[in-house]
Amino acid sequence: MADIPKTNRDILNKQRIFPPRGPLSGIRVLDFSQVLAAPYLGTMLSDMGAEVIKVEASYGDSSRGYGPIKEGEAGYYITQNRGKYGLCMDLTHPTAIGICKELAKICDVCIENWRPGVMTKRGLDYAALREVNPGIIYASVSGFGNFDRYAPAPGPYSPRVCYDVIAAAESGQQWMNGFPDQAPHGLDVSWSDLNTGTHEAVAIVAALIQRVKTGRGQWIDIALTDSMIASNENMICMVSMAAGDEPAPVRNGLRRLSISPYGVFKARDDYFVIGVDNNKRFARLCEAMGKPELARDPKFDTNFHRLENRAAIEGIVEAWCAQRTVEECIKILRNQHSVPAGPILTNTEYVKNPHYRARQMFVSIEQPRAGVFEMAGVAAKLSRSPGRVQGAAPMMGEHNRYILKKYLGYSDTEIDKFYDELVVVDNLDLAYDYNMDVARAKAKEKGGEKR
Amino acid sequence: MNLQAQGPLVGVRVLEICEGQEGPYCGAILSDLGAEVIKVENREGDYTRKLGPFKKGESAYYISYNRGKKGIAFDLSKQEARELVKELAAKSDIFIENLDPGEIQALGLNYDVLKEVNPGIVYGSVSCYGRTGPLSEYPGNDIVAEAMGGHTSANGWPDGPPEPLGIAVSSHCGGAELAWGILCAYLHKILTGHGQYVDVSVSDKNISVTENVLALATMVNATRMRAGGHHPIVGPYGVYMAVDGAYAIGCGTNEMWGRIATAIGRPELSTAEGWATNLDRGKNRLTHMIPLLTEWGKDKKRDDIVLLMDESNVPCGACATHKEVHENAHYRARGTVVDIVQPKAGTVSVASAYASKMSDPRPMIQGPAPLLGEHNEEILQSVICMTSEEIAKLYKQGVMVQDLDPKQPT
């Protein structure tokens, strides 16, 4: 990068304003999100063209401290917040709360993932925002659901503290992850957060569709545990069919529990995956292995029989794989016989994969300090009104002045006063070697909120 | 069986030609949100009808992904059947498919064809690789998409093999992404009148749900390794064993670690060298934290540990089995686990992310999953106004099929 701006003034001078494009253009979102689930949701909305205003408390989203860090900017934060405008305020200050409500008046959607009760304490819960904007669609993400006034579905666990890892545990997902003779282990990424953000996005656009017809807003309250339980394949139905004394299903290591042969297999040089989920594909696998008669063998002809003789059929497949390299196996299985199979890629491998390149799944963005690098593109590809990665992630408070002026009509003098009174803050100077302790001390020193 | 629709999408009609997981899951989401979802099946039926376990011939797999839909079944090898699907598509708002590459073209039901009969239609495809790009000609499924999308390589222990995710969560995330894409397109259609094609690849979605993993590669060129699900930069953050089960604990700050250290009777560790900071605990997790908590948990019950941590204000939860999830009163109260009555299997439970979670009106699971061709007459009569005589003819010619008495495969 030739000229990365290095001072705060440079950043403000180069303030990045991007007109969003996509099917949701014209929709405005007030984003009180932190860390992962709701920030990812906000980025999905932004990708589809919504104008997303991320409101950060004066100490900043804690993911600004999560790696990888380059020139003080956090890859974690950027991934989940690209394409948003950044407004940073002291959310304990009544004037700041007033500004949030003014924004709520002109926004269509509000998203938040604070612990249930926090938004109420701030005076920014659904009850408060619908007073100023009855049509607002208010979307909350929490571990077990909200439980205060208007909450659609409170339950006994709702007050519990919850992170992603807890939701993955309580929903049954972790119990199924790992080998049967060892302890289960956590999933590879925070699936509860990301899966819930995705499910919440669907509900928001459904609510927008309804609002076009009826004008009414609503509160959407999907919890991490809800989306993860809904994403349990056939497990809930399975246990409901089982006799009472039947033991609960248990994790099954390298192969999925209820389909065979389906999972990780070892070729001569490395591991790869084969996924045979129906008889047509099984017949093609047998063909590919040069043993077409197996497809008609009564021991293996249906998934039911393959599960009964699991060790035998998977043993045959293992033996076949062991004689070939991953490349050879995939060429024969996937390319020549249309059997679902593929290599197991790491992050540094998939970024080089030509298939993803062809699908534009890597899009360059330019951050003011960290420079140019690639982020994931838009997964849902629309032919006529496609979404796009709208722009970079905001520095803390980068768009304070822009938002207050453009949306709320404040003058520079009034905004200066907000700065003087520490209603509005920007912590652009904290972008180097950012860490939360420094941020909190600084905010405290400035009279800001304590956490 | 009559279905009861309630939710933001009431009045929206969806035609689904999907099998397996991610496509049918998208249809189930739309049904939970109130849409009328018509599932078109070929003579043999969705292959998940043959995946166990079964009760009275009905499959748990099929029920889980197809509750709340109406079912119509044709012999799609017959031209007349394909014409009828086209007629239904002409009267639908949304069409979704997840067949193997090339199959929907072979049926003559691809977007270019359907947009001729219904220019406003929103047409969604979901597949392992997507419908463009060099790999799009190959079939795939969740296990392949997770491997291609960087998840399998990172699931497991540093000294063990890469493991598939225990549950195909990526299929559901990909199915939800299709619902997201088509509903964005449908909103666009309401506002502008234009329909369009939506192409979702589960592999793409797997790359999008990256947390910071893609940034590791693109910002600092670091390869992510397997870590047993234990967080590399904070801790303890992961799953640990108790004497009778497992639990997850999520400690994000040093103060919280102090409370944990006190709760397990080792207060001195809160400030000890190698333990004091998040970075220490993350770095030394294999040599310090995992052995410590594994030893400590050996003689303690899972639920006692969860209670103890809860009292210490530390996020902690049981690694519940699905039996426990199924019986848990919280998920019943939330409408997440719901009982439905299947025509043959009787009362069974299914799960929904949406039922009850919206305030106005509250969505619900519309009802059971259909038997093969269960709603043939109803659909043809109500959607394209066919007469009973015409329908009887379709049965006679073998264009339309029905099986109201499924047998468990043996």
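Rules and cut-offs
- In this numbering scheme, every chain counts its residues from 1 along its sequence in written order.
- Chain letters and ligand numbers both follow the written order, the letters beginning at A and the numbers at 1.
- Reporting of local features is limited, given that this is a predicted model, to residues whose pLDDT is at least 70; pairs of side-chain atoms are given and counted only at 80 or more, and all residues count toward the totals for whole chains, interfaces and linings.
- For the side-chain quantities, the full set of heavy atoms in the structure was used; hydrogens and water were omitted.
- Angles shown run from 0 to 180 degrees and are taken between the N-to-C directions of axes, each axis being a line fitted to C-alpha atoms and, for helices, limited to the stretch in contact.
- Numbered from the N terminus, helices here are DSSP runs of H or I no shorter than four residues, and strands are runs of E no shorter than two.
- An angle below 35 degrees is treated as roughly parallel, one above 145 as roughly antiparallel, one from 65 to 115 as roughly perpendicular, and anything else as oblique.
- Here a crossing is taken to be left-handed if its near helix is turned anticlockwise relative to the far helix by less than a right angle, and right-handed if that turn runs clockwise.
- Contact between two residues is taken to exist if any of their heavy atoms lie within 4.5 Å; hydrogens are not considered.
- We call Asp, Glu, Lys and Arg charged. Ala, Val, Leu, Ile, Met, Phe, Trp, Tyr, Cys and Pro are nonpolar, and the rest, Gly among them, are polar.
- A cavity here means a set of points on a 1 Å grid, drawn over the protein atoms and nothing else, where a 1.4 Å probe fits but cannot get out; a pocket is an open set with protein on both sides within 12 Å along at least five of seven lines, and a residue lines either one if it has an atom within 4 Å of a point.
- Grid points are joined across faces, edges and corners, and a volume is the space filled by probe spheres set on the points.
- Pairs of cysteine sulfur atoms within 2.5 Å are identified as disulfides in what follows.
- A pair of strands is labelled paired if DSSP reports no fewer than 2 bridges between them.
- Any two rings among Phe, Tyr and Trp, with Trp reduced to its six-membered ring, count as a pair given centres within 6.5 Å; such a pair is stacked if its planes are under 30 degrees apart, edge-to-face if over 60, and tilted if neither.
- Counted as over-ring charges are cases with an Arg CZ or a Lys NZ within 6 Å of the ring centre that also lie within 35 degrees of the ring normal.

Asks: Would you explain the packing of helix α16 (residues 376-384) of chain B against helix α17 (residues 388-396) of chain B in this entry?
Replies: Residues and elements named next belong to chain B. Their axes nearest at 10 Å, the elements α16 and α17 cross at an angle of 135°. By the angle class used here, α16 and α17 are oblique. Classified by chirality, the crossing of α17 by α16 is right-handed. In contact with Asn376, Glu377, Leu380 and Gln381 of α16, α17 contributes Ser388, Ile391, Leu394 and Tyr395. Considering only residue class, the contact of α16 with α17 consists of four nonpolar, three polar and one charged.

Asks: Can you walk me through the layout of surface pockets in this structure?
Replies: Empty space left among the atoms is revealed by rolling a probe the size of a water molecule over them. Volume-wise, the second largest pocket comes out at about 620 Å³. In terms of lining residues, the second largest pocket is bounded by 29 residues, among which Lys280(A), Glu19(B), Glu44(B), Gly45(B) and Tyr47(B) are the most central. Top element by residues in the lining of the second largest pocket is strand β2 (residues 36-41) of chain B. It accounts for three residues. For the lining of the second largest pocket, the residue count by class is 10 nonpolar, seven polar and 12 charged.

Asks: Just to check I follow, could you spell out the state of the cysteines for this structure?
Replies: Joining two cysteines, a disulfide is a covalent bond between their sulfur atoms. On inspection of all chains with the given rule, the structure shows zero disulfides over all chains. Free of any disulfide, Cys18(B) has its nearest cysteine sulfur in Cys26(B), 7.1 Å distant.

Asks: So what exactly am I meant to see when it comes to the sheet that holds strand β2 (residues 51-57) of chain A here?
Replies: The strands making up a sheet associate through backbone hydrogen bonding, with each pair oriented either parallel or antiparallel. All names here are of chain A. Pairing within the open sheet is parallel, and its six strands lie in the order β5-β2-β1-β6-β7-β8. For this open sheet the edge positions go to β5 (85-89) and β8 (218-223), each flanked by a neighbour on one side alone. On average, each strand axis in the sheet is inclined to that of its neighbour by 20°, with strand direction left out of account. Sheet topology note: the strand β1 (residues 28-32)/β2 ladder contains four bridges and is parallel. When the bridges of β2 are listed, Val29 appears paired with Val52. The strands touched by helix α2 (residues 37-47) are β1, β2, β6 (109-112) and β7 (137-142); relative to β6, the strand with the most contacts, the crossing angle is about 150°.

Asks: Whenever I open this one, the packing of aromatic side chains confuses me. Can you help?
Replies: The geometry of an aromatic ring pair is captured by two quantities: the separation of the ring centres and the angle between the planes. Residue and element names in this part refer to chain A. Under the definition given, this model contains 23 aromatic pairs over all chains. Pairing Tyr126 with Tyr138 gives two aromatic rings, centres 5.9 Å apart and planes at 55°, and the pair type is tilted. Taken together, the positions of Tyr126 in helix α6 (residues 126-132) and Tyr138 in strand β7 put the pair 12 residues apart, joining distant regions of the chain. Every member of this aromatic cluster is reached through a ring pair, and the members are Tyr126, Tyr138, Tyr150 and Trp219. One residue, Arg64, lies across the ring of Tyr77, its end atom 3.7 Å from the ring centre. One Lys or Arg, Arg255, reaches over the ring of Phe265 and ends 3.8 Å from the middle of that ring.

Asks: What should I look at first to understand the sheet that holds strand β7 (residues 122-127) of chain B in this one?
Replies: Here we have seven strands laid out as an open sheet, ordered β14(A)-β8(B)-β7(B)-β6(B)-β1(B)-β2(B)-β5(B), and mixed in their pairing. Here the strands that pair on one side only, and so sit at the sheet edges, are β14 (380-382) of chain A together with β5 (70-73) of chain B. With direction set aside, neighbouring strand axes in the sheet form an average angle of 20°. Examined bridge by bridge, strand β1 (residues 13-17) of chain B and strand β6 (residues 94-97) of chain B share four bridges and lie parallel to one another. The residue bridging Val14(B) from the neighbouring strand is Ile94(B), located in β6(B). Packed on one face of the sheet, helix α3 (residues 79-90) of chain B meets β1, β2, β5 and β6 of chain B and runs near 150° to β1(B).

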